[in-house]
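Chain and residue survey
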Amino acid sequence: MQEPDGPRPSAGLTVSVLGCDGSWPGPGGAGSAYLFRTQGTAVLVDSGPGTLARLQGVLDPTMLDAVVISHRHADHWSDLPVLATFLRFSGRHRPLPVLAPAGLAQHTRLEGAPLLAWRVVSSGDRVGIGDLWARFHRTDHAGETLALRLDGAGRSVGYSADTGPGWSLAELGPGLDLAVCEATYTSGHEGTPGHMSGRQAGEQARRAGIPRIVLTHRWPTVPAEAVANEASAAFGAPVEQAFPGMEIRL
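All of the points below concern the structure found in this document. Residue indices follow the written sequence of each chain, beginning from 1 at its first position. Whole-chain, interface and lining totals are the exception, using all residues; otherwise, since this is a predicted model, local features are given only for residues with pLDDT of at least 70 and side-chain atom pairs are given and counted only at 80 or more. Processing note: side-chain calculations cover all non-hydrogen atoms of the structure and skip hydrogens and water entirely.

Description of the overall build of the protein
Worth spelling out the cut-off: Only runs of H or I of at least four residues qualify as helices and only runs of E of at least two qualify as strands under DSSP, and these elements are numbered from the N terminus. This radius of gyration counts C-alpha atoms alone. The globule rule is 2.2 Å times how many residues there are, raised to the power 0.38. Residue exposure (1.4 Å probe, protein chains only): buried if accessible area is under 20% of the type maximum, exposed if over 50%, otherwise partly exposed.
Broken down by element type, the protein carries five helices and 14 strands. Its C-alpha atoms give the protein a radius of gyration of 17 Å, near enough to 18 Å, the size a compact globule of 250 residues would have. The C-alpha extent of the protein, read off along each of the three principal axes, is 50 × 35 × 35 Å. Within the protein, the fraction of its 250 residues that count as buried is 56%.

Written out as C-alpha cells, the structure is:
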C-alpha cells in the first residue's frame with residue numbers, strides 16, 4: 001500500500017473539505033464529506049458522492065480511525081460502498097468503525113461488509129475516537145439526522161449536518177472555535193423543509209457566539225456569493241463558503 005499523500009497535522013485540529021454540494025453534486029463538485037484530523041486521529045464525517053477520490057488526495061483511507069454518517073440521505077453516504085470496496089482490496093485487516101443513526105447500516109445494505117464495524121449512535125451520545133471526543137445532537141431534518149461536536153487537541157468544532165431552523169447551533173454547547181454549518185439556499189427559499197438559508201445560518205452562529213463559520217451544503221444552482229453575503233450580514237462579520245480542497249487549521 002502506498003504511503004499517504006498528506007501527513008497528519010503536527011498540532012491542533014485540521015478540517016479538510018472533500019465535498020460540500022447540497023442534495024446533489026454540481027459539475028466538478030462532490031457531496032458532503034469532511035476529514036477531521038489531529039496528530040493522532042483521522043475521522044471522516046459523511047461520505048457523499050465523488051468524495052473518496054478527493055479523500056485519497058489528502059490521506060490514505062486505510063489510515064482512517066472512524067467514519068461518521070449523519071443521516072440516511074444518499075448525498076451524505078453514497079461513497080461509503082466505494083470506500084468499503086477500497087478497504088477490501090487495500091490490505092487493511094482491522095474493521096473501520098462507522099458511527100451512524102439506527103437503521104442506516106441496513107438502509108445502505110452494508111450491514112455485512114467485512115471491514116465496516118457499525119455502531120449505532122443517537123442524540124446525546126458521547127463517543128471517544130482516538131484523541132477526539134464526538135457528541136451527537138438530533139437536528140431539524142427528515143428522519144434521524146445527527147449534528148456533531150468534535151473536541152480534541154485543544155479545539156472544538158461543530159458540524160450541523162442537514163437541519164432546518166428549528167434546531168440551533170447553540171445546542172452543541174459553548175466554546176466552539178468553528179461551525180461548519182449548512183446554508184442550502186438564500187432567504188427567498190426559507191420555509192423549504194429541513195434546510196436553512198444563509199441568513200438563518202449566520203444568525204444562528206451569531207446568537208451562539210461562535211467566532212468562525214464556514215457555510216456548506218449549498219445547492220449547486222444557488223450562487224455562492226449570494227448565500228455568503230446574507231450570512232455575513234446576519235453574522236455581523238465575513239463568513240466563509242466551503243469548497244472542495246478547502247483546508248482549515250485550528
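Don't stop here, the text continues.
Quick word on the pattern of salt bridges
Charged atoms that come close allow side chains of opposite charge to pair. The following threshold applies: For this document, the term salt bridge refers to a Lys or Arg side-chain nitrogen within 4 Å of an Asp or Glu carboxyl oxygen.
According to the stated counting rule, one finds seven salt bridges in the structure shown. Taking the shortest distance from any N to any O, the salt bridge between R37 and E247 comes out at 3.3 Å. With a gap of 210 residues between them, R37 in strand β2 (residues 33-37) and E247 in strand β14 (residues 247-249) connect regions that are remote in the sequence. One salt bridge connects R249 with E247, and the closest N-O pair in it is separated by 2.8 Å. On the basis of relative accessibility, which here comes to 38%, the residue E247 falls in the partly exposed class. Several salt bridges converge on common partners, so that one network encompasses E190, R199, E203 and R207.

Here we look at the nonpolar core
This is how it is decided: Among buried residues, those of type Ala, Val, Leu, Ile, Met, Phe, Trp, Tyr and Cys that are joined through side-chain atoms within 4.5 Å constitute a nonpolar core. Residue contacts are counted whenever heavy atoms from the two residues lie within 4.5 Å of one another.
Ranked by internal contacts, the top residues of the largest apolar core, which has 30 residues, are L99, F136 and L178. Residue contacts for L99: discarding those within four places in its chain leaves A66, V67, V68, I69, R119, V121, V127, I129 and F136. One finds L18, L55, V58 and W77 within the second-largest nonpolar core, a separate group that totals 26 residues.

Here we look at the side chain of S70
For clarity, the cut-off: Whenever a nitrogen or oxygen atom comes within 3.5 Å of another N or O atom, the pair is scored as a polar contact, on the condition that within protein one atom can donate a hydrogen and the other can accept it, and that pairs from neighbouring residues in sequence are kept only if both atoms are in side chains.
Relative to the assigned elements, S70 resides in the loop between β4 (66-68) and α2 (80-90). Take S70: its relative accessible area is 1%, and that puts it in the buried class. Engagement of the side chain of S70 in a polar contact is seen with the side chain of H71, the distance being 2.9 Å. Apart from residues no more than four positions distant in its own chain, S70 is found in contact with D46, H76, P101, E144, T145, L146, Y159 and A161.

Here's the deal with unusual backbone geometry
In this structure, A161 takes a positive phi of about 55° despite not being glycine. Within the element layout of this structure, A161 appears in the loop between β10 (155-159) and β11 (178-182). Its identity is not glycine, yet H217 carries a phi of approximately 65°, on the positive side. Looking at where H217 falls in the secondary structure, it is placed in the loop between β12 (213-216) and α5 (224-235).

Considering the environment of V239
Relative to the assigned elements, V239 resides in the loop between α5 and β13 (240-241). Considering only alpha carbons, one finds V239 and A117, 122 residues apart in sequence, at a separation of 37 Å. Discounting residues that sit within four places of it in the chain, V239 has contacts with I213, L215, A228, A231 and S232.

Some words on helix α4 (residues 198-208)
All buried positions along α4 are accounted for by G198, Q200, A201, G202, Q204 and A205. On its buried face, α4 sits against β11, β12 and α5.

Focus: the pairing of strand β1 (residues 14-19)
Which entries qualify depends on this criterion: Should DSSP find at least two bridges between two strands, the strands are regarded as paired.
Across the six residues of β1, six count as buried, placing the element largely inside the fold. Where β1 meets β2, five bridges bridge the pair, whose relative direction is antiparallel. Within the sheet, the bridge partner assigned to T14 lies in β2 and is R37. Where β1 meets β14, three bridges bridge the pair, whose relative direction is antiparallel.

Brief notes about the sheet that holds β14
Note the threshold: For helices, the fitted axis covers only the stretch in contact; all axes are lines through C-alpha atoms, and the angles between them, taken along N-to-C directions, range from 0 to 180 degrees.
As summarised here, the arrangement of the seven strands in space is β6-β5-β4-β3-β2-β1-β14, forming an open sheet in which the pairing is mixed. Both edges of this open sheet fall to β6 (116-120) and β14, since each of them pairs with a single strand only. Neighbour-to-neighbour, the strand axes of the sheet open up by a mean angle of 20°, direction not taken into account. Sitting on the sheet, α2 touches β3 (42-45), β4, β5 (96-100) and β6, and the angle it makes with β6 is about 140°.

Overview of the sheet that holds strand β8 (residues 132-138)
The strand order across the open sheet built from seven strands is β7-β8-β9-β10-β11-β12-β13, with neighbouring strands paired in mixed fashion. Edge positions in the sheet fall to β7 (126-129) and β13, since each of these pairs with one other strand and no more. The pairing of β12 with β13 spans two bridges and is parallel. Within β13, the residue paired with V214 across the bridge is E240.

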